[in-house]
Amino acid sequence: MRGSEFADLKAFVAIAERGNFSAAARTLAISPSALSQRIREFEARLGVRLFNRTTRSVGLTGQGQALLDKIVPLFAGFDQAVAELIAENAEVAGSLRLNLSRVAAMYLLGPHLEAFHQTYPAVTLDITIQDTFSDIVAGRFDAGIRLGETLEKDMVAVRMGGRRASMVVASPELIDRMGGPESPQDLHRFPCIRFRWPGAMNIYRWEFEKGSDVLEIDVDGPLIANDTAMMLKAAEQGLGFAYLLDLEAREQIEAGRLVQLLPDWTPSFGGFYLYHASARQMPKQLRAFIDFLSGRLNV
């Protein structure tokens, strides 16, 4: 049904229920003459007369009454559906405290913030970005989003999105100048950008897997950072090879600013999960958030 046809039906019902054009026009916020013209055009398109008009009264024809009998229940259903939707969303309100890794915040949740606010305007998201593991119960968070292998076993977890992969990347200019590794062990010959976990002293050893071969490589290079956004920028500038999550490097790879290396050695793994302490008496805003985000990511 086109929008104009729906408006014509609403005008028809308004006149039939009120018994005159003037009262119906006030309800529809248009002039009586405009309403009369709309109905004449509507009747002409249908090829039937809906109203019998005199200077003193307006009455339905038999065909007009038959149309009204069919339309009124439909309109009541429309009104009920809208009222239920408004009531349901009106009940979803309050603050929702979330603890997310930076990657989860920027690449999983970030693109959907506006859409969530439009859907649940009465919910306030209180987001803490933290790359170190956080006890969400002790921190009084409602939920967190992290890679599955970092979760405690007593958490209720819901997968958010598909499987993920880590990858070695470098700028095309660096590869042209120095070549690239044919195996993970070759990385010892190249400058690498290393990662230190926030709050920790040890430097992350790059992990590789191919069939039954599992390796951890302790690389070397000119930069150590505890933030992967800094590592990404450094890799784009040709400072060295970097080991990053696919979500972080995807845009740069697609644009040709970075190139993936050793793809056979970096298989996919479980990915991200939203986790919370208990499924009992779950706040409505958390239930709404889980349904909303999983519906957008798990497609």
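In this text the structure is predicted, and so the values were computed from the model without any measurement.

> Help me get a handle on the overall build of the protein, residues and values and all.
The helix and strand tally for the protein stands at 10 helices and 14 strands. Computed over its C-alpha atoms, the radius of gyration of the protein comes to 31 Å, more than 25% above the 19 Å expected for a compact globule of 299 residues. Seen through its principal axes, the protein has C-alpha atoms that stretch 95 × 45 × 35 Å. Taking all contacts inside the protein whose residues are at least 6 apart in sequence as the whole, residues at least 24 apart take part in 74%. Only carbon and sulfur atoms are counted for the fraction: they give 52% of the accessible area of the protein, which is about 16,600 Å². Of the side-chain charges in the protein, 32 are positive and 36 negative, and the distance between the mean point of each set is 10 Å.

> Describe the sheet that holds strand 8 (residues 192-195), listing the residues and the values that go with them.
Ordered in space as 11-8-12-7-13, the 5 strands form an open sheet in which the pairing is mixed. Each of the sheet's edge strands pairs with one partner strand only, and the pair in question is strand 11 (223-225) and strand 13 (259-261). Within this sheet the neighbouring strands show an average axis-to-axis angle of 40 degrees, counted without direction. Summarising the sheet, strand 7 (residues 166-170) and strand 12 (residues 241-245) pair through 4 bridges and their orientation is antiparallel. When the bridges of strand 12 are listed, V169 appears paired with A242.

> Let's hear about unusual backbone geometry: which residues, and what values?
Backbone geometry at A29 places phi at a positive 60 degrees, although glycine is not the residue there. Tracing the backbone through its elements, the reader meets A29 in the loop between helix 2 (21-28) and helix 3 (32-46). You will see that R140, though not glycine, has its phi angle at about 60 degrees, which is positive. By relative accessible area, R140 is classed as exposed at 70%.

Thresholds applied
Residues numbered from 1 in each chain as written. Predicted model: local features only at pLDDT ≥ 70, side-chain atom pairs only at ≥ 80, totals over all residues. Heavy atoms only, no water. Helix = DSSP H or I, 4+ residues; strand = E, 2+ residues; numbered from the N terminus. Rg over C-alpha atoms; globule rule 2.2 N^0.38 Å. Contact = heavy atoms within 4.5 Å. Areas by Shrake-Rupley, 256 points an atom, 1.4 Å probe, with all protein chains shown as cover. Lys, Arg positive; Asp, Glu negative; His and termini not counted. Charge placed at Lys NZ, Arg CZ, Asp CG, Glu CD. Pairing = 2+ DSSP bridges. Axes fitted to C-alpha atoms, helices over the stretch in contact; angles between N-to-C directions. Buried < 20%, exposed > 50% of the residue type's maximum accessible area, 1.4 Å probe, protein only.

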